[in-house]
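Structural overview
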Amino acid sequence: GRALPPLAALSQVLRLERSRRTAIVLPLQKLERYLAPGTDTAPFRLFQPGLAALQRAEALFRSDRGHPIDYVSSAVRMDHAPPPALPEVCFIGRSNVGKSSLIRALFSLAPEVEVRVSKTPGHTKKMNFFKVGKYFTLVDMPGYGYHAPQDFVEMVEAYLQERHNLKRTFLLVDGVVGLQKTDHIAVEMLEEFGIPYVMVLTKIDRASRGLLLKNVLEIQEFVKENTQGCFPQLFLVSSVEFSGVHLLRCFVAHVTGNLPTVEAS
Ligand code: GDP
């Protein structure tokens with residue numbers, strides 16, 4: 001098979017020295033010691049699985065003959081979506097937030113999976129469905145922009161409102177620039193629909209520690225004060241360094257009901 005990117009697998013991460021390892025597996029914990037005393041860190045630890053749970057989750061993301069991981073189909077309308085047979089998660093975010101890179105990183109242990117990108121402006125924006133064995137489906141929603149066409153908005157809204165097997169929505173936010181106007185529009189939509197979602201901060205390798213801390217604390221405060229449906233713990237990821245990717249796999253496994261008990265680290 002093709003060579004895996006470094007740190008795509010936990011076994012590779014475990015060979016690192018302790019502090020590097022923590023930075024990759026639990027990026028929030030790594031930031032914690034730079035916080036002012038008295039800062040509320042409870043939201044940092046709501047989901048903090050131990051190695052055993054991380055390993056069980058990783059097994060779900062590793063394809064083999066008896067456990068295929070495949071791109072299934074694309075849809076431009078809800079009636080083109082595959083039957084809602086399995087628990088599902090979807091990933092949304094504005095164009096260029098790092099969504100395809102993150103999905104590629106999540107599926108890096110199944111190198112045959114092709115995460116398609118439709119970057120060409122004007123190219124039809126589709127929802128792409130991926131099936132992870134008999135366990136869950138993952139949907140790559142088209143990137144939204146400031147001037148999203150109405151049919152696109154309608155497709156995304158219909159999906160979020162009607163998809164009964166949707167267990168969690170992952171809203172990607174650029175970790176370097178923080179919440180933008182379009183992200184606020186997405187939050188308002190998710191709040192209005194009353195569906196559970198999680199915020200994922202992307203490209204954390206590109207933010208200095210100070211900037212990342214500032215963005216994390218600001219967004220955490222925003223979530224606490226202004227949202228009902230957002231999970232209070234932020235997920236920090238770098239698709240280049242694989243930080244937070246293992247933890248995110250574990251959370252996806254958990255919310256799709258495939259990892260009912262997660263023992264804390
Ligand atoms: P999408 O439009 O949301 O699918 O975004 P892409 O995944 O195509 O990423 C947009 C740009 O950001 C590309 O140039 C990527 O190489 C870059 N990028 C994505 N994720 C990361 C990351 O974790 N770290 C860094 N440094 N760059 C990233």
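Residues numbered from 1 in each chain as written. Predicted model: local features only at pLDDT ≥ 70, side-chain atom pairs only at ≥ 80, totals over all residues. Heavy atoms only, no water.

**Comments concerning the overall build of the chain**
We apply this condition: Strands are runs of DSSP state E lasting at least two residues, helices are runs of H or I lasting at least four, and both sets are numbered from the N terminus onward. Atoms considered for the radius of gyration are the C-alpha atoms alone. The globule rule reads 2.2 Å times the number of residues to the power 0.38. Three exposure classes are used, based on accessible area relative to the maximum for each residue type with a 1.4 Å probe and protein chains only: buried under 20%, partly exposed in between, and exposed over 50%. Any two residues whose heavy atoms approach within 4.5 Å at even a single point are treated as in contact. Calculation of accessible area relied on Shrake-Rupley with a 1.4 Å probe; when residues are assessed, cover is drawn exclusively from the protein chains displayed.
When helices and strands are counted, the chain shows 9 helices and 7 strands. Scaling as 2.2 N^0.38, a compact globule of 265 residues should have a C-alpha radius of gyration of about 18 Å, and the chain matches this with 18 Å. Structurally, the chain occupies a C-alpha span of about 50 × 45 × 35 Å along its principal axes. Put simply, the chain has 265 residues, and 52% of those count as buried. Of the contacts made within the chain by residues no fewer than 6 positions apart, 76% connect residues no fewer than 24 positions apart. Within the structure as shown, the chain displays about 12,600 Å² of accessible surface, and the carbon and sulfur contribution to it stands at 51%.

**Here we look at the packing of aromatic side chains**
Using the following cut-off: Whether two aromatic rings pair depends on their centres lying within 6.5 Å, for rings of Phe, Tyr and Trp, where Trp uses its six-membered ring; planes under 30 degrees apart make the pair stacked, over 60 edge-to-face, and the rest tilted. Over a ring means this: the NZ of a Lys or the CZ of an Arg is within 6 Å of the ring centre and within 35 degrees of the ring normal.
Going through the model one piece at a time under the given rule, you end up with 11 aromatic pairs. Ring plane angle 40 degrees and centroid distance 6.1 Å describe the contact between F61 and F107, whose orientation is recorded as tilted. Of this pair, F61 sits in the loop between helix 4 (51–60) and strand 1 (69–75) while F107 sits in the loop between helix 5 (99–106) and strand 3 (127–132), and the two are 46 residues apart along the sequence. F107 carries the same exposure label as F61, and that label is buried. Relative to F130, the ring of F107 has its centre 5.5 Å away and its plane inclined at 50 degrees; by these criteria the two rings are tilted. Taken together, the positions of F107 in the loop between helix 5 and strand 3 and F130 in strand 3 put the pair 23 residues apart, joining distant regions of the chain. Accessibility assignment for this pair places F107 and F130 in one class, buried. Among the aromatic residues, those joined into a cluster by ring pairs are F47, F91, F170, F231, F235 and F251. Here R209 stacks its cationic end above the ring of Y34, 3.7 Å away from the centre of that ring.

**Digging into the packing of helix 6 (residues 150–162) against helix 7 (residues 181–193)**
Rule in force here: Think of each axis as a best-fit line through the C-alpha atoms, taken over the contacting stretch in the case of a helix, with angles from 0 to 180 degrees between the N-to-C directions. Left-handed describes a crossing whose near helix is turned anticlockwise from the far helix through less than a right angle; right-handed describes the clockwise counterpart. Classification convention: Asp, Glu, Lys, Arg as charged; Ala, Val, Leu, Ile, Met, Phe, Trp, Tyr, Cys, Pro as nonpolar; all other residues, Gly among them, as polar.
Contact pair helix 6 / helix 7: the axes reach a minimum separation of 10 Å and the direction vectors enclose 35 degrees. Pair helix 6 / helix 7 crosses with right-handed handedness. The segment helix 6 lies against helix 7, with V156, E157, L160 and Q161 engaging M189, L190 and F193. Class assignment for the residues of the contact of helix 6 with helix 7 results in 5 nonpolar, 1 polar and 1 charged.

**With respect to helix 6**
Counted only if it meets this: Helix span, expected: 1.5 Å multiplied by one less than the number of residues in the helix.
Compared with an ideal rise of 1.5 Å per residue, which puts 13 residues at 18 Å, helix 6 spans 18 Å between its outermost C-alpha atoms and is within 8% of the ideal. Against strand 1, strand 2 (88–93), strand 3, strand 4 (136–140), strand 5 (166–174) and helix 7 lie the buried residues of helix 6.

**As for the nonpolar core**
As a reminder of what qualifies: To form a nonpolar core, buried Ala, Val, Leu, Ile, Met, Phe, Trp, Tyr and Cys residues must be joined to one another through side-chain atoms within 4.5 Å.
Of all hydrophobic cores here, the largest spans 48 residues; its most connected members are F91, L102, F107, F170, F235 and L248. Looking at which element gives the most residues to this core, the answer is helix 9 (residues 245–255), with 8 residues. Here L102 is in contact with F91, L172, V200, V237, S239, V245 and L248, once residues within four sequence places are set aside.

Geometric descriptors of this kind do not, in isolation, establish any biological role.
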